[in-house]
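As a plain string of letters, each chain reads:
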Amino acid sequence: MPISRRVVIARKVIGKKVVRGKVYTYEYYTLPLNIYIPKNVIEKWGTEFVLERKESDGVIIIKPKKSLES
C-alpha cells in the first residue's frame, strides 16, 4: 500500500463578483488538486500542510504541518 507524502502550501485566491452594479470581493484558500481549506483553519494552523495520498484506496489525508511538529 504505497503512500505518497508531500508538503504543500495553500494558495490565497481573491475573487470579485458584481451584483446589481456593486462589486463584492471575497477570498478563500485552496491546495493542489483544488481542495478548499476554510479560512479559520489557515488562521489557526498556517498555510503549510502535509498531503498524503493512498494510491490503493484513493484516500487523501491533509494534516497541518504545525500539528505534526508539536
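Preceding this section is the structure that the text describes.
In this report, the structure presented in the accompanying data block is examined. It should be emphasised that the depicted structure is a prediction, and the values quoted were computed from it without experimental measurement.

**A look at the sheet that holds strand E2 (residues 11-19)**
Remark on secondary structure: sheet strands pair via backbone hydrogen bonds, oriented parallel or antiparallel.
And step 1. Strand order in the open sheet made by the three strands is E2-E3-E4, with antiparallel pairing throughout. The sheet is open, and its two borders are formed by E2 and strand E4 (35-37), each paired with just one other strand. Averaged over all pairs of adjacent strands, the angle between their axes in this sheet comes to 50°, without regard to strand direction.
And step 2. Bridge analysis of strand E3 (residues 22-31) against E4 gives three bridges, and the strand direction is antiparallel.

**Describing the packing of aromatic side chains**
And step 1. Enumeration according to the criterion identifies two aromatic pairs in this entry.
And step 2. Ring geometry for Tyr-26 versus Tyr-28: centroids 6.2 Å apart, planes at 10°, classification stacked.
And step 3. Look at Tyr-26 and you get partly exposed, because its relative accessible area is 42%.
And step 4. Judged by relative accessible area, Tyr-28 falls into the partly exposed class, the value being 29%.

**Some thoughts on the pattern of salt bridges**
One side chain can pair with another of opposite charge once the charged atoms of both are near each other.
And step 1. In total, this model carries six salt bridges according to the counting rule given.
And step 2. Across the pair Glu-48 and Lys-65 runs a salt bridge whose closest N-O atoms are separated by 3.6 Å. Of this pair, Glu-48 sits in strand E5 (residues 48-54) while Lys-65 sits in helix H2 (residues 65-69), and the two are 17 residues apart along the sequence.
And step 3. Among the residues examined, Lys-65 registers a relative accessible area of 26% and is labelled partly exposed.
And step 4. Linking Lys-63 and Glu-52 is a salt bridge whose minimum nitrogen-to-oxygen distance equals 3.9 Å. Here Glu-52 lies in strand E5 and Lys-63 lies in strand E6 (residues 59-64), a separation of eleven residues in the sequence.
And step 5. With a relative accessible area of 30%, Lys-63 lands in the partly exposed category.

What counts, and where the lines are drawn
- Residues numbered from 1 in each chain as written.
- Predicted model: local features only at pLDDT ≥ 70, side-chain atom pairs only at ≥ 80, totals over all residues.
- Heavy atoms only, no water.
- Pairing = 2+ DSSP bridges.
- Helix = DSSP H or I, 4+ residues; strand = E, 2+ residues; numbered from the N terminus.
- Axes fitted to C-alpha atoms, helices over the stretch in contact; angles between N-to-C directions.
- Phe/Tyr/Trp six-rings, centres within 6.5 Å; stacked < 30°, edge-to-face > 60°.
- Buried < 20%, exposed > 50% of the residue type's maximum accessible area, 1.4 Å probe, protein only.
- Salt bridge = Lys/Arg side-chain N within 4 Å of Asp/Glu carboxyl O.

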